[in-house]
Amino acid sequence: MTPVPVLPAGAAWHDTGSTVFRYAARADGRWWVLRLNDFPEHPLFTLFVDAAVVGDIDDLPAAWRLTPRAALPVLDAPARAEMLRLMSGLGPYGAETGTPCAGDWCTCSLLTDTYAARPSTPPGDSVEDTGSAPS
């Protein structure tokens with residue numbers, strides 16, 4: 001797994017309301033975005049900075065304070081739309097390298113831009129709670 005970079009001072013994670021790009025932070029004018037992957041087939045998260053992959057992460061740093069998710073501020077609609085435009089086409093694991101996962105053993109093929117823009121499931125029904133992608 002990738003060594004986890006330090007989130008720049010003053011940046012704060014937000015709940016994006018997306019089932020795919022679960023968390024985002026604006027830091028020094030750049031978008032930091034965590035994509036929730038189809039775990040355990042793939043690493044739990046992939047970190048992007050301005051749509052460029054930084055690496056995969058299984059254990060999120062406690063300093064990022066991503067739990068409980070309900071305590072995070074929610075991205076407003078314009079910021080959410082900007083983040084989703086930036087991350088367009090990067091829903092499936094491996095899309096960042098030009099080889100999106102198409103295995104019949106995972107749900108990556110469902111992670112389209114339209115799916116990523118749908119509102120996330122209520123707490124208790126999330127991927128982190130169940131360990132699998134929503135159906």
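None of these values were measured; they are calculated from a predicted model.

### Observations concerning the overall build of the protein chain
Along the backbone of the protein chain there are three helices and five strands. Secondary structure elements of the protein chain occur, N-terminal to C-terminal, as β-β-β-β-β-α-α-α. Classification of the 135 residues of the protein chain by burial places 44% in the buried group. Summarising the internal contacts of the protein chain: among those between residues at least 6 apart in sequence, 56% fall at separations of at least 24. With the model as given, the accessible surface of the protein chain reaches about 6900 Å², and the carbon-plus-sulfur share is 58%.

### Let's talk about the pairing of strand β3 (residues 30-36)
Counting buried positions along β3 yields six of seven residues, so the element is predominantly enclosed. Direction of pairing for strand β2 (residues 21-27) relative to β3: antiparallel, over a ladder of six bridges. Considered in β3, the bridge of A24 is made with V33. Between β2 and β3, which pair antiparallel in sequence order, lie two residues; one of them, D28, sits at a positive phi of approximately 55°. Here five bridges tie β3 to strand β4 (residues 45-49), and the two strands are oriented antiparallel to one another. Each residue of the ladder has a partner; that of L34, found in β4, is L47.

Here is what the cut-offs are and how they apply
- Residues numbered from 1 in each chain as written.
- Predicted model: local features only at pLDDT ≥ 70, side-chain atom pairs only at ≥ 80, totals over all residues.
- Heavy atoms only, no water.
- Helix = DSSP H or I, 4+ residues; strand = E, 2+ residues; numbered from the N terminus.
- Buried < 20%, exposed > 50% of the residue type's maximum accessible area, 1.4 Å probe, protein only.
- Contact = heavy atoms within 4.5 Å.
- Areas by Shrake-Rupley, 256 points an atom, 1.4 Å probe, with all protein chains shown as cover.
- Pairing = 2+ DSSP bridges.

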